[in-house]
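Examination of the molecular architecture
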Amino acid sequence: SVYAITLQPDGKILIGGNFRFFNGVIRDHIARLHANGSIDDSFDSNRGVNEKINTIALQADGKILIGGDFTKHIGTTRNKIARLNADGSLDKTFESTVGANYKVRTITLQPDKKILVGGDFTKYNGINRNQIARLNADGTLTNDTFNRGTGANGDVRTMVLQPDGKILVLQSLEVVESEIQ
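Everything quoted here is computed from the prediction, not taken from an experiment. (Residues numbered from 1 in each chain as written. Predicted model: local features only at pLDDT ≥ 70, side-chain atom pairs only at ≥ 80, totals over all residues. Heavy atoms only, no water.)

A short note on the overall build of the protein
Put simply, the rule reads: In this text, helices come from DSSP runs of H or I with a minimum length of four residues, and strands from runs of E with a minimum of two, each type numbered from the N-terminal end. Note on exposure labels: buried denotes an accessible area under 20% of the residue type's maximum, exposed denotes more than 50%, and partly exposed covers the range between, all computed with a 1.4 Å probe on protein chains only. Residue contacts follow a heavy-atom distance rule, with two residues in contact if any of their heavy atoms lie within 4.5 Å. The Shrake-Rupley method, run with a 1.4 Å probe, gives the accessible areas here. Residue values count only the displayed protein chains as cover.
On a plain count of helices and strands, the protein comes out with zero helices and 18 strands. By residue count, 49% of the 181 residues in the protein fall in the buried class. The long-range share in the protein, meaning contacts at least 24 apart out of those at least 6 apart in sequence, stands at 30%. Of the accessible surface of the protein, which amounts to about 8600 Å², a share of 50% is contributed by carbon and sulfur atoms.

Here's what the structure looks like:
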């Protein structure tokens, strides 16, 4: 099953989900396709993550953020979130060794390169973060004025950044507006 799809500016398509193969070729939970649907063999994903991918976000620099149920990328610990280089290899400069303690379902990028993460987790990097966290570009938790209150009261399914800097959060079929200042 495919749970996430993202279109790259060059027309290539990133897909993530709960699959081991795509068109008979090993692609552990992530693959990049050409516009015609054929596998892009230049994307190194034949031994990707060990569990399902729920979300994919493409950074302006071409790097790829993935979130899901996984704990490893080709043997390297990456708990529920990881960043890949444009060629599909693991970006080891993104710190997510501890990461989230449960599923990441959505990733939203802010214009200032900070990263909003939502899901079913209660901790991020061992610190209480009920279902929503904001990260620096390197994957560490922000230490700023991000006011999430006590967090969401249910799993965060998706988020949308509004032009005024607020975010809309969909949690278990309920839309909640929140400040991110």
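What follows picks up the thread again.
Details of the nonpolar core
Heads up, the condition is: Think of a nonpolar core as a cluster: buried Ala, Val, Leu, Ile, Met, Phe, Trp, Tyr and Cys residues, connected wherever their side-chain atoms sit within 4.5 Å.
Ile81, Ile107, Ile115, Val117, Tyr124 and Leu135 are the most contacted members of the largest nonpolar core, which totals 14 residues. Mapped onto this core, the elements with two or more residues apiece are strand S11 (104-109), strand S12 (115-119) and strand S15 (132-135). Discounting residues that sit within four places of it in the chain, isoleucine 81 has contacts with Ile66, Gly67, Phe70, Phe94, Ser96, Ile107, Val117, Tyr124 and Leu135. Counting residues in hydrophobic clusters, the runner-up holds 13 residues, among them Leu14, Val49, Ile56 and Leu84.

Describing the confidence of the model for the protein
Test applied: For every residue, the predictor reports its confidence as pLDDT, a number between 0 and 100.
On average, residues of the protein score 88 in pLDDT, and 88% of them reach the 70 mark or higher. Per-residue pLDDT, averaged within each element of the protein, yields its smallest value for strand S18 (residues 174-178) (53) and its largest for strand S6 (residues 53-58) (98).

Quick notes on the environment of leucine 161
Within the fold, leucine 161 resides in strand S16 (residues 156-161). Note: C-alpha distance between leucine 161 and threonine 108 (53 residues apart in sequence) is 7.3 Å.

Overview of unusual backbone geometry
Unlike most non-glycine residues, lysine 80 shows phi in positive territory, near 70°. Within the element layout of this structure, lysine 80 appears in the loop between strand S9 (76-77) and strand S10 (81-84). If you check the backbone angles, lysine 113 has positive phi at about 75° while not being a glycine. The topology assignment puts lysine 113 in the loop between S11 and S12.

Comments concerning the pattern of salt bridges
Our working definition: A pair is scored as a salt bridge if a Lys or Arg side-chain nitrogen falls within 4 Å of a carboxyl oxygen belonging to Asp or Glu.
Evaluation of the coordinates by the stated rule reveals ten salt bridges. The partner of arginine 32 in a salt bridge is aspartate 40, with the nearest N and O atoms 2.8 Å apart. The pair arginine 32 / aspartate 40 is uniform in exposure class, with both members buried. When the shortest N-O distance is used, the salt bridge between arginine 83 and aspartate 91 registers 2.7 Å. By relative accessible area, which is 6% here, arginine 83 ends up buried. Each of Arg105, Asp120, Asp155 and Arg157 takes part in salt bridges that share partners, so that together they form one network.

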